[in-house]
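# Examining the three-dimensional arrangement
Here are the chains, one letter per residue:
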2 protein chains.
Amino acid sequence: MSDQLKQRIRIPRLRDKITDAATAAKWIKNGTTIGMSGFTRAGDAKVVPLALADRARHEPLKVTLLTGASLGGDAERQLTEAGALVRRMPFQGDPTLRAAINRGEVMYVDQHLSETVEFLRSGQIAPIDVAIVEAVAITETGGIVPTTSVGNSASFAILADKVIVEINLAHSLDLEGVHDIFIPKRRPLREPAPVLKASDRVGMTAIDIPPEKIVAIVITDRSDSTSPNLPPDEETAAIAAHLVKFFMNEVKAGRLSESLMPLQAGIGTIANAVMSGLIDSPFKHLTMYSEVLQDSTFELMDAGKMDFASGSSITLSPRKAADVFSNFTKYKDRLVLRPQEISNYPEIIRRLGIIAVNTALEADIYGNVNSTHVMGSNMMNGIGGSGDFARNAYLSVFATKSVAKGGKISSIVPMVAHCDHASQDVDILVTEIGLADLRGLAPRERAQAIINNCVAEPYRQMLKDYVAEANARGGQTPHVLEKALSWHVRFQQTGSMLPEAEVTTIKVA
Amino acid sequence: MSDQLKQRIRIPRLRDKITDAATAAKWIKNGTTIGMSGFTRAGDAKVVPLALADRARHEPLKVTLLTGASLGGDAERQLTEAGALVRRMPFQGDPTLRAAINRGEVMYVDQHLSETVEFLRSGQIAPIDVAIVEAVAITETGGIVPTTSVGNSASFAILADKVIVEINLAHSLDLEGVHDIFIPKRRPLREPAPVLKASDRVGMTAIDIPPEKIVAIVITDRSDSTSPNLPPDEETAAIAAHLVKFFMNEVKAGRLSESLMPLQAGIGTIANAVMSGLIDSPFKHLTMYSEVLQDSTFELMDAGKMDFASGSSITLSPRKAADVFSNFTKYKDRLVLRPQEISNYPEIIRRLGIIAVNTALEADIYGNVNSTHVMGSNMMNGIGGSGDFARNAYLSVFATKSVAKGGKISSIVPMVAHCDHASQDVDILVTEIGLADLRGLAPRERAQAIINNCVAEPYRQMLKDYVAEANARGGQTPHVLEKALSWHVRFQQTGSMLPEAEVTTIKVA
Ligand SMILES: CC(C)(COP(=O)(O)OP(=O)(O)OC[C@H]1O[C@@H](n2cnc3c(N)ncnc32)[C@H](O)[C@@H]1OP(=O)(O)O)[C@@H](O)C(=O)NCCC(=O)NCCS
Ligand SMILES: CC(C)(COP(=O)(O)OP(=O)(O)OC[C@H]1O[C@@H](n2cnc3c(N)ncnc32)[C@H](O)[C@@H]1OP(=O)(O)O)[C@@H](O)C(=O)NCCC(=O)NCCS
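Residues numbered from 1 in each chain as written. Chains lettered and ligands numbered in written order. Predicted model: local features only at pLDDT ≥ 70, side-chain atom pairs only at ≥ 80, totals over all residues. Heavy atoms only, no water.

### Structural notes on the site of ligand 2
All names here are of chain B.
- Taken together, 23 residues form the shell around ligand 2, and within it Glu291, Leu361, Met380, Asn381 and Lys405 come nearest.
- The separation between an oxygen atom of ligand 2 and a polar main-chain atom of Ile267 is 3.3 Å.
- Note that an oxygen atom of ligand 2 is positioned 2.9 Å from one of the side-chain N or O atoms of Lys405.
- In isolation ligand 2 has 950 Å² of accessible area, and contact with the protein removes 79% of it.
- Elements represented by at least two residues in the shell around ligand 2 include exactly α9 (269-276) and β16 (355-359).
- For the shell around ligand 2, a count of residues per class yields 8 nonpolar, 12 polar and 3 charged. (Near = heavy atom within 4 Å. Polar contact = N/O pair within 3.5 Å; in protein donor to acceptor, adjacent residues only side chain to side chain. Areas by Shrake-Rupley, 256 points an atom, 1.4 Å probe, with all protein chains shown as cover. Helix = DSSP H or I, 4+ residues; strand = E, 2+ residues; numbered from the N terminus. Nonpolar A, V, L, I, M, F, W, Y, C, P; charged D, E, K, R; others polar.)

### Points about the sheet that holds strand β24 (residues 412-413) of chain B
Residue and element names in this part refer to chain B.
- Within the open sheet, the 3 strands sit side by side as β18-β17-β24. Their pairing is mixed. In this open sheet, the two edge strands, each paired with only one partner strand, are β18 (369-370) and β24.
- Bridge analysis of strand β17 (residues 362-364) against β18 gives 2 bridges, and the strand direction is antiparallel. For Ala363, the partnering residue across the bridge sits in β18 and is Val369. (Pairing = 2+ DSSP bridges.)

### Observations regarding the environment of Phe39 of chain A
Residue and element names in this part refer to chain A.
- Summarising the element assignment, Phe39 is placed in the loop between β2 (33-36) and α3 (48-56).
- Judged by its relative accessible area of 0%, Phe39 is buried.
- In sequence terms Phe39 and Leu71 are 32 residues apart; their C-alpha atoms lie 6.2 Å from each other.
- Not counting residues within four places of it along the chain, the set of residues in contact with Phe39 comprises Gly68, Ala69, Ser70, Leu113, Ser149, Gly151, Glu291, Val292, Ser312, Ser313, Thr315 and Gln340. (Buried < 20%, exposed > 50% of the residue type's maximum accessible area, 1.4 Å probe, protein only. Contact = heavy atoms within 4.5 Å.)

### Describing the site of ligand 1
Residue and element names in this part refer to chain A.
- As a structural note, the neighbourhood of ligand 1 is formed by 23 residues, with Glu291, Leu361, Met380, Asn381 and Lys405 the closest of them.
- Here an oxygen atom of ligand 1 and a side-chain polar atom of Thr269 are 3.3 Å apart.
- A distance of 3.2 Å separates an oxygen atom of ligand 1 from a polar atom in the backbone of Ile270.
- When the free accessible area of ligand 1 is taken as 950 Å², the share hidden by the protein chains comes to 79%.
- Looking at the shell around ligand 1, the elements with two or more residues in it are α9 (269-276) and β16 (355-359).
- Tallied by class, residues from the shell around ligand 1 come to 8 nonpolar, 12 polar and 3 charged.

### Quick look at the relation of the copies chain B and chain A
- Under the fitted operation, chain B is carried onto chain A by 0.0 Å of movement along the axis and a turn of 180°, and the coordinates agree to an RMSD of 0.0 Å. These values place the two chain copies in the arrangement generated by a two-fold rotation axis. For chain B, the minimum C-alpha distance to the rotation axis belongs to Glu347 of chain B and amounts to 2.0 Å.
- Of the residues that chain B buries at the interface, 99% are likewise interface residues in chain A, meaning the two copies contact each other through the same surface. (Least-squares fit on C-alpha atoms with pLDDT ≥ 70 in both.)

### Focus on the UniProt feature "active site" (unreviewed entry) in chain A
All names here are of chain A.
- Per the UniProt annotation, the sites labelled "active site" (unreviewed entry) are Glu291.
- Positionally, Glu291 belongs in the loop between β11 (286-289) and β12 (292-293).
- Leave out the neighbours within four places in its chain, and Glu291 touches Phe39, Leu113, Gly311, Ser312, Ser313, Asn344, Gly384, Gly385 and Phe389. (UniProt positions renumbered as here; feature names shortened; annotations may be inferred.)

### Remarks on the pattern of salt bridges
- With the rule as written, the count across this model stands at 68 salt bridges over all chains.
- With a closest N to O distance of 3.3 Å, Glu118 of chain B and Arg187 of chain B form a salt bridge. Within this pair, whereas Glu118 of chain B is found in helix α6 (residues 116-121), its partner Arg187 of chain B is found in the loop between β8 (162-168) and β9 (214-220), the two being separated by 69 residues in sequence. As far as the burial class goes, Glu118 of chain B and Arg187 of chain B line up, both buried.
- Here Glu118 of chain B makes a salt bridge to Arg190 of chain B, at a shortest N to O gap of 2.9 Å. With Glu118 of chain B in helix α6 and Arg190 of chain B in the loop between β8 and β9, this residue pair connects regions lying 72 residues apart in the sequence.
- Three or more residues are tied together by salt bridges with common partners; here these are Glu118, Arg121, Arg187, Arg190 and Glu341 of chain A together with Arg350 of chain B. (Salt bridge = Lys/Arg side-chain N within 4 Å of Asp/Glu carboxyl O.)

### A closer look at the packing of helix α16 (residues 443-454) of chain B against helix α17 (residues 459-473) of chain B
Residues and elements named next belong to chain B.
- Between α16 and α17, the shortest axis-to-axis distance is 10 Å and the interhelical angle comes to 165°. On the basis of the axis angle, α16 is roughly antiparallel to α17. For α16 against α17, the interelement crossing comes out left-handed. On α17, the residues touching Arg444, Ala447, Gln448, Ile451 and Asn452 of α16 are Arg460, Leu463, Lys464, Val467 and Asn471. (Axes fitted to C-alpha atoms, helices over the stretch in contact; angles between N-to-C directions. Parallel < 35°, antiparallel > 145°, perpendicular 65-115°, else oblique. Left-handed = near helix turned anticlockwise from the far one by under 90°.)

### As for the pairing of strand β6 (residues 130-138) of chain B
Residues and elements named next belong to chain B.
- Within β6, 9 of the 9 residues are buried, leaving the element largely enclosed by the surrounding structure.
- Pairing analysis gives 3 bridges linking strand β2 (residues 33-36) to β6, with the strands arranged parallel. Bridged to Ile34 within β6 is Val130.
- Pairing geometry for β6 and β8, over 5 bridges, is parallel.

### Examining the sheet that holds strand β24 (residues 412-413) of chain A
- A sheet is described by the order of its strands in space; here 3 strands give the open sequence β18-β17-β24 (chain A), paired in mixed fashion. Among the strands making up the open sheet, the edge pair consists of β18 (369-370) and β24 of chain A.

### A look at the interface of chain B and chain A
- Across the contact, 75 residues belong to chain B and 74 residues belong to chain A.
- Between chain B and chain A lies a buried interface of about 6,400 Å² when both sides are counted; carbon and sulfur atoms form 50% of it.
- When residues of chain B are sorted by the area they lose upon contact with chain A, Arg350, Arg391 and Gln476 of chain B head the list and together hold 13% of the total.
- Residues Glu445 of chain B and Arg87 of chain A are paired through a salt bridge, measuring 2.5 Å at the closest nitrogen-oxygen approach.
- Linking chain B with chain A are 40 residue pairs in polar contact (both at pLDDT 80 or more), by the criterion used here.
- The leading source of residues in the side of chain B that touches chain A is helix α14 (residues 346-352) of chain B, at 5 residues.
- For the side of chain B that touches chain A, the class distribution of residues is 29 nonpolar, 24 polar and 22 charged. (Buried area = accessible area lost by both parts, 1.4 Å probe.)

As structure tokens, then:
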């Protein structure tokens, strides 16, 4: 036994549990419900799921897989291709799995990220049989120290009878101490979550479970998958600039201070670009109370703009990952990683007064938002934490580019083909064209603000025509129902939301 | 000065402020933003708004009116007919006003009921100029004792420079002590709201403002408007029975105790009937943590079934009002009335683990719910508190009759024409036909559960046909977009969602 392993597994008798991935995977039987670590590619179990996929290729093995959020690596692809996944919740982002979901082969339960463990804890969904948790170490008292994400790992380990731990040597022991594991009591005994500011620590630095529940330990040294982190393009830079200008006006109006309010930023390139846009802003002493900490969080810290960031995971580009994790002590006292139930807890989001920035696939003229379903039917990723934040935020911003697929899709449509976020939860809508401040507006006013500020021609004129026709019919939220989804239908039939005439014009131009 | 008035206005110098409604109304100028008491017909200011409507008939007077929720009496009709309302928030339920809203004449901002004062407090919507608050009394220290509702009255009075008080002698002084006025601090100084159970009292029994802000006091003696409280019909009784059976199964499965969890019930006849259905159930020691306390609350108390009820207002039928308010001390120690921000506070709803029962106008096969917009465009009432509760509840139930307008409208449709509640916020859907338990199901499974349990023929077969066609196209949430709203369009064109053939069949039958 190397000294390194002794440092990583501090209860000597637990070292007998060390085994290989295939042997550990034997604890998982056909029909098992697995709770696995992993949140936006960070801190996912890396080898046991691959061993499972191997087995599924040779024997009947169907499992239900719960995680924090999306996984990295190849696990979901391999499990999907092996036909091992029957049910998946609460989030995913893998192209192979997504396709299987959209074919109706995998039952995907797309949940608010704060709610999965509430359902489990109250027995309202089928219980976790086995938890698989990636860890930096197991402490002297049997505490599991998570790696780059907490996600749902703590509750999975607490609720499961059997826990498989993947000790990942690729993660530095420096990570120990960054986590804050606070688990709310069961209702009706629940008490307030005592987080009063983003930096408050209210729990333990490891997941406290009886060491007897650990049935197997697998040693790995695979790094987290990185995120592509595309550099800001012209559109995302414009979106960020509109938002910075809006915040400056709010400061001028006395509604925000120069440290704004704690920031949440959704996943994806747009949200990351928006946060990066704050580097060249006049704001100072920013804080984050978010889910995923992306490159922009650390760029803001490096630029001296951000004092503290609370999240549930750290997901970085290759370059930034190398930099951050080799200098982790430089950031550690300005970071905390929490269970996603706490990072996304409505109570805390409302109390802190979060500015939430999430991304829409499409929004409609009244500011209802679709973040999940392409053309109303096909799942992209999932609602994730966007509902936890948008509903409870001080200010809920949704960002999108005004068009997709080279202009053939307008991201602003007469009616969204699926609604994740009702208009009440959308205060600001911003595209590269401009920003619509929807606070305190009635639907007809929201339509004017959105069409005039967020949409480019020819879609702007098309939406004006729609509104004129709809208003003539009347209503609080006027619609021409037989045309409300006609843009989507046209896209499905012709490959473009533009009417024939417009396509020709554009082609000629 | 009568002794009665001295008891009602306990600071002698304030008695000089007593005036008539027309004089008090002069504090309201053209362009004023008014914050007025009133929540589901209870505790609304009764004479000053009528004086305002009088003035508006003779002089230019356009106002923005904020309340707790809907008003009783004739105020909204008169103000609307006089053309005095330019903007209204956050809720309404008046037929004349509704029509004006749907004609686009009044800008109606339909908000989550817990959020209005957050927007006001942070300056994100235009400030209240004048508050008009109905009161039982003004205390020795200038505290305003509300009447049958708290609603937004406390924050309106705190935030406005000028406060007009209507002392209503029709309300017994016995009401004093039933209110619990707790106002959260501004963010970022916000602390946890210390309500750990429905009966916790955490604030004061009156609204604490500097007495100097009271610019006028008007004495009235008009009773609250009552609610019709239709007796349960065959359908609402069936809905209640399905739900009671479901709860009994939950108790059997060990997920609920015989006292269930604190209950919230939405407005309207359906929610009231569901609550009444608990009278003949095996459950005991029930509690409510709700907005409106309707007849059913007191019937449950009388039947020895309910120990405590927390709400923001008491709205009763004529018979029940006479009974409850003349024996108020009998109920008082089992009641508390809170600001709607607290009755609907996400933090507390999540903490207590509420069972929320709200009503849908329509739901779709995937369990998305429309509670507000008839045929997608025309406002019925508003989202009210249903979003505060459904998102944060332990269990979110939506109830509706399976058809409306004598069967010409199916309340279960392929796609809702407006979405207030995303499928994630709808755990149980129940109609008189049956109950669909949607917890932990993926969209395609939800569609099966809803169609098989909640829909009657011929709509059931029509939905099965839709699903078959949609599934053939694929997707997580399969739709045939060009047909998704076709039932609504058919209703608009023919007066029925039934195709020609079916209408004939039914006529013949
Ligand atoms: C909405 C979401 C997919 C946007 O992701 P993004 O990377 O910022 O945005 P992009 O503009 O690059 O769009 C991503 C893809 O969607 C496509 N797209 C964008 N708008 C579209 C629309 N209206 N219709 C169809 N496709 C659209 C883009 O073309 C792109 O496709 P590609 O991957 O084939 O290039 C992503 O933010 C998401 O999944 N959000 C939901 C969950 C969430 O908000 N979580 C936050 C808290 S966890
Ligand atoms: C949805 C809501 C209108 C239902 O009210 P209700 O009195 O329980 O239900 P009813 O079945 O009697 O329906 C009320 C009316 O809507 C009509 N209706 C019902 N379903 C309909 C549908 N799918 N399409 C069109 N109209 C419909 C009914 O015919 C009835 O019309 P009428 O007044 O002309 O007779 C009411 O609960 C509401 O406004 N809810 C939103 C706010 C809320 O949930 N608040 C709770 C916390 S405040």
